[in-house]
Amino acid sequence: MNLNRYKFNGKQKVELTAFDTKYTDCFTTSDDVKSIVEENVKEISELQSKLYAEGKTGLLLIFQAMDAAGKDSAIKHVMSGINPQGVNVHSFKQPSSEELAHDYLWRAVKVLPERGKIAIFNRSYYEDVLVVKVHKLYEKLNVPPRCKTADTIKKRYEQIKNFEDYLWENGIITIKFFLHLSKETQRKRFLRRIDNKDKNWKFSDADIRERKFWDDYQEAYQSAIGATATEKNPWYIIPADKKWFSRAIISNILLQTMREIDPQYPVITPEQEAVLEESRRKLTKQE
Ligand code: ATP
Ligand code: MG
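Residues numbered from 1 in each chain as written. Chains lettered and ligands numbered in written order. Predicted model: local features only at pLDDT ≥ 70, side-chain atom pairs only at ≥ 80, totals over all residues. Heavy atoms only, no water.

1. Comments concerning the site of ligand 1
Lining the immediate surroundings of ligand 1 are 14 residues, of which Asp67, Lys71, Arg107, Arg123 and Glu127 lie closest. A distance of 2.9 Å separates an oxygen atom of ligand 1 from a polar atom in the side chain of Lys71. One of the side-chain N or O atoms of Glu127 is found 2.8 Å from an oxygen atom in ligand 1. Contact with the protein chains removes 79% of the 630 Å² of surface that ligand 1 exposes when unbound. Listed by contribution, the elements that provide at least two residues to the shell around ligand 1 are α2 (71-79) and α5 (131-134). Across the shell around ligand 1, the residue classes break down as five nonpolar, one polar and eight charged. (Near = heavy atom within 4 Å. Polar contact = N/O pair within 3.5 Å; in protein donor to acceptor, adjacent residues only side chain to side chain. Areas by Shrake-Rupley, 256 points an atom, 1.4 Å probe, with all protein chains shown as cover. Helix = DSSP H or I, 4+ residues; strand = E, 2+ residues; numbered from the N terminus. Nonpolar A, V, L, I, M, F, W, Y, C, P; charged D, E, K, R; others polar.)

Here it is as structure tokens:
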């Protein structure tokens, strides 16, 4: 799989309409990628143990998408094989009044990964340049007029880029995934949620309301991705009409990212080695 096809580092023009959401490379069914994903999970798990033991680099994985794109199941798959001790998942919903009383990055800062750990954001501070842009929600904020001007969203792109750059300089790498599905596939998945009793809980009429703003969201995603993709903290646009394929690419990207981090188990000092030897001697003598 050529992962560069999905990667945006700020140098390419982002054109969501030109993107094939049904793309599945040379594969036709989920069986074709099964063994690849299984191998990936094994290696990701080994690399995570090293990341944790080394404790030098934190990894922030951000998942953004329209409703029913498969964020939840993608996250579930990323998690499989990962030691739960080293990973946290956070969902970002509509902000509470306490959250609204703070700057928009505040709630994310509180749950950033420490070095050695992985944090997964199911939605994120990117909502503050997506839904907030589409519905001009910043105009309703209780802030001085200078903080809600026509270029508020543009300024936020810069703030986010600087924020992620700052994190990178502090050992935290941010990788952003946009699960890109077609409007037609969303329609079908919504219908399935209504038809299938076990999926009813996943459906909300608010989803239908937001669907009306489809084009505005696409535009908001396109500008946000274009403005915040960098080589250090890239965006990946993942074709999401076939869930099995998006999960396979995501696991490949995660593996590649972790290989590049190249974490190592800490090397023990001669003194520590001597302590280990002494402990072995005592235990062998059943002391
Ligand atoms: P599900 O797959 O269960 O639908 P979800 O991520 O869509 O998962 P919901 O509870 O349905 O979860 O939706 C969360 C909602 O919160 C989204 O509509 C999102 O746009 C909204 N939201 C998140 N952050 C903000 C924000 N900063 N300002 C306004 N709305 C936000
Ligand atoms: Mg939802």
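From this point, things continue past the structure.
2. So, the side chain of Lys7
Tracing the chain through its elements places Lys7 in strand β1 (residues 7-8). Beyond its immediate chain neighbours, meaning those up to four positions away, Lys7 contacts Gln12, Glu231, Pro234, Trp235 and Tyr236. (Contact = heavy atoms within 4.5 Å.)

3. Observations regarding the pattern of salt bridges
A side chain with one charge can pair with a side chain of the opposite charge if their charged atoms come near. Scanning all chains against the criterion turns up 18 salt bridges. We note a salt bridge from Glu39 to Lys42, for which the minimum N-O separation is 3.5 Å. Taken as a pair, Glu39 and Lys42 lie in helix α1 (residues 31-54) at a separation of three residues, close to a single helical turn. Of the charged contacts, one joins Glu278 and Arg281 as a salt bridge, the two residues approaching to 2.7 Å between their closest N and O atoms. (Salt bridge = Lys/Arg side-chain N within 4 Å of Asp/Glu carboxyl O.)

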